[in-house]
Amino acid sequence: MVPASSYLVLAAVLFVLGAIGVLIRRNTLVMLMSVELMLAAANLTLVTYSRVLGKLDGQVFALLVMAVAAAEVAVGLAVIVSLVRHRDTTDMDEIDSC
Amino acid sequence: MEMVVFYALAFLAVASGVGVIAQRSATRSALFLLANLCCLAGLLILLNAQFVALSQVIVYAGAIVVLFLFIVLLLGIERVEEGPGTRKAQGAAGVLLGVLLLVGIIWALLSSPGASAPALVRTDNVREFGELLLTDFAIPFELAAVVLLVAIIGVVALAKKRLEG
């Protein structure tokens with residue numbers, strides 16, 4: 001029997017990995033991937049609490065988070081495509097400096 | 001048995017998560033993200049959330065990662081990352097802030113009540129899930145469709161080439 005706190009700590013570790021990725025990477029695409037990592041970790045937390053509480057509400061919420069994540073990726077990638085068209089780079093610092 | 005599967009999947013998930021943020025090549029990052037999401041889907045099955053696990057594989061692995069790979073290859077920007085050692089201070093500060101965040105989250109988790117052993121109830125997950133989605137959560141469910149529609153329209157507006165004149 002795996003205690004719920006193990007799942008929660010694992011989700012926290014994955015969330016923090018995503019946050020570190022956003023902070024230290026400069027490639028906009030990899031930053032977006034790190035945001036996806038954070039969203040997936042949050043989903044794991046929602047589902048864990050759904051099981052702890054014995055209700056399915058958390059799982060429904062996780063599905064809705066997934067739909068929002070899909071929309072977010074589509075819009076984010078479109079923004080990156082137009083950035084590359086205008087600035088010809090995906091490097092955060094170069095985009096910021098010009 | 002459950003313990004072994006959990007720790008194997010947890011180790012793989014953390015390792016591939018590190019891979020996502022440590023790889024210089026964006027393509028490899030995307031593939032590590034795929035591995036990470038598949039591990040998370042396995043953990044969701046351990047938590048008796050089969051429907052969410054399958055949607056995770058279909059939506060994340062099937063759609064989102066493919067979209068990432070498509071854009072990486074379309075733009076031809078696989079290796080635009082910095083040379084080694086240019087941003088040591090920024091990296092150290094990022095990792096430090098991340099560790100602080102982790103300590104904060106775990107402290108909050110351990111001091112919150114009710115996060116102990118979960119009661120495993122074997123139920124008909126997909127049936128109950130569908131019923132809940134179409135009764136109590138019908139309005140959020142429909143709103144998710146609106147969000148996706150708006151996202152599609154926004155993407156087309158953003159990504160289309162400007163018409164001349």
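Shown above is the structure to which this text applies.
Rules and cut-offs
Residues numbered from 1 in each chain as written. Chains lettered and ligands numbered in written order. Predicted model: local features only at pLDDT ≥ 70, side-chain atom pairs only at ≥ 80, totals over all residues. Heavy atoms only, no water. Helix = DSSP H or I, 4+ residues; strand = E, 2+ residues; numbered from the N terminus. Buried < 20%, exposed > 50% of the residue type's maximum accessible area, 1.4 Å probe, protein only. Contact = heavy atoms within 4.5 Å. Areas by Shrake-Rupley, 256 points an atom, 1.4 Å probe, with all protein chains shown as cover. Core = buried A, V, L, I, M, F, W, Y, C linked by side-chain atoms within 4.5 Å. Salt bridge = Lys/Arg side-chain N within 4 Å of Asp/Glu carboxyl O. Polar contact = N/O pair within 3.5 Å; in protein donor to acceptor, adjacent residues only side chain to side chain. Nonpolar A, V, L, I, M, F, W, Y, C, P; charged D, E, K, R; others polar. Expected span 1.5 Å × (residues − 1). Phe/Tyr/Trp six-rings, centres within 6.5 Å; stacked < 30°, edge-to-face > 60°.

What follows deals with the overall build of chain B. Broken down by element type, chain B carries six helices and zero strands. Tracing chain B from N to C terminus, the helices and strands come up as α-α-α-α-α-α. Buried residues in chain B amount to 32% of all 165 residues. Within chain B, counting contacts between residues at least 6 apart in sequence, those at least 24 apart form 62% of the total. Carbon and sulfur atoms form 74% of the exposed surface of chain B, whose accessible area is close to 9800 Å².

This part takes up the nonpolar core. Among the nonpolar cores identified, the biggest contains 58 residues, and Leu44(A), Leu77(A), Phe6(B), Leu33(B), Leu43(B), Val52(B) and Phe68(B) are the most heavily contacted of them. Listed by contribution, the elements that provide at least two residues to this core are helix H1 (4-24), helix H2 (28-53) and helix H3 (57-87) of chain A together with helix H1 (2-22), helix H2 (26-46), helix H3 (50-75) and helix H5 (125-134) of chain B. The residues contacting Phe6(B), other than those within four sequence positions of it, are Val2(A), Ser6(A), Tyr7(A), Leu10(A), Leu43(B) and Leu46(B).

Turning our attention to the interface of chain B and chain A. With 80 residues of chain B at the interface, the matching set in chain A holds 67 residues. The tally of links from chain B across to chain A stands at zero salt bridges. Applying the counting rule to chain B against chain A returns four residue pairs in polar contact (both at pLDDT 80 or more). Only H1, H2, H3, helix H4 (88-111), H5 and helix H6 (138-159) of chain B provide two or more residues apiece to the side of chain B that touches chain A. By residue class, the composition of the side of chain B that touches chain A is 56 nonpolar, 16 polar and eight charged.

Here Phe11(B) lies in helix H1. Taking the C-alpha atoms as reference, Phe11(B) lies 9.2 Å from Cys39(B); in sequence the two are 28 residues apart.

The subject of this paragraph is the side chain of Ser6(A). Counting through the fold element by element, Ser6(A) comes out in helix H1. Among the residues examined, Ser6(A) registers a relative accessible area of 16% and is labelled buried. Apart from residues lying up to four places away in sequence, Ser6(A) is in contact with Phe6(B) and Tyr7(B).

Let us look at the environment of Leu32(A). Within the secondary structure, Leu32(A) sits in helix H2. Residue class for Leu32(A) comes out buried when judged on its relative accessible area of 12%. Sequence separation between Leu32(A) and Val73(A) is 41 residues, and the spatial gap between their C-alpha atoms is 7.5 Å. Those residues in contact with Leu32(A), other than ones at most four positions away along the chain, are Glu72(A), Val73(A), Gly76(A), Leu77(A), Ile80(A) and Phe68(B).

The next subject is H1(B). The terminal C-alpha atoms of H1(B), which comprises 21 residues, lie 30 Å apart, in line with the 30 Å expected from a rise of 1.5 Å per residue. Buried residues of H1(B): Phe6(B), Leu9(B), Ala10(B), Ala13(B), Ser16(B), Gly17(B), Gly19(B), Val20(B) and Ile21(B), and no others. For H1(B), the secondary structure elements touched by its buried residues are H1 and H2 of chain A together with H2 of chain B.

Okay, the packing of aromatic side chains next. Inspection of the entire model under this criterion finds three aromatic pairs over all chains. Considering the side-chain rings of Tyr7(A) and Phe6(B), the 4.7 Å spacing of their centres and the 65 degrees angle between planes classify their relative orientation as edge-to-face. Highlighted residues: Tyr7(A) in helix H1 and Phe6(B) in helix H1, drawn from two different chains. Take Phe6(B): its relative accessible area is 2%, and that puts it in the buried class. Taken together, a centroid distance of 4.7 Å and an interplanar angle of 40 degrees make the contact between Phe51(B) and Phe129(B) tilted. Of this pair, Phe51(B) sits in helix H3 while Phe129(B) is found in helix H5, placing the two residues 78 residues apart along the sequence. Take Phe51(B): its relative accessible area is 29%, and that puts it in the partly exposed class. In this structure Phe129(B) comes out as buried when scored by relative accessible area, which is 1%. By the ring-pair criterion, three or more aromatic residues cluster together here, those being Tyr7(A), Phe6(B) and Tyr7(B).

The next point concerns the side chain of Asn43(A). Its location among the elements puts Asn43(A) in helix H2. Those residues within four positions of Asn43(A) in sequence are excluded, and the remaining contacts are Ala62(A), Val65(A), Met66(A), Gln56(B) and Tyr60(B).

Turning to the pattern of salt bridges, a few remarks are in order. Should the charged atoms of two oppositely charged side chains come close, the side chains can pair. All names here are of chain A. This structure, assessed with the given rule, holds one salt bridge over all chains. As a salt-bridge pair, Arg26 and Asp91 come within 3.8 Å of each other at their nearest N and O atoms. Within this pair, whereas Arg26 is found in the loop between H1 and H2, its partner Asp91 is found in the loop between H3 and helix H4 (92-97), the two being separated by 65 residues in sequence. Residue classification places Asp91 among the buried positions, given a relative accessible area of 7%.

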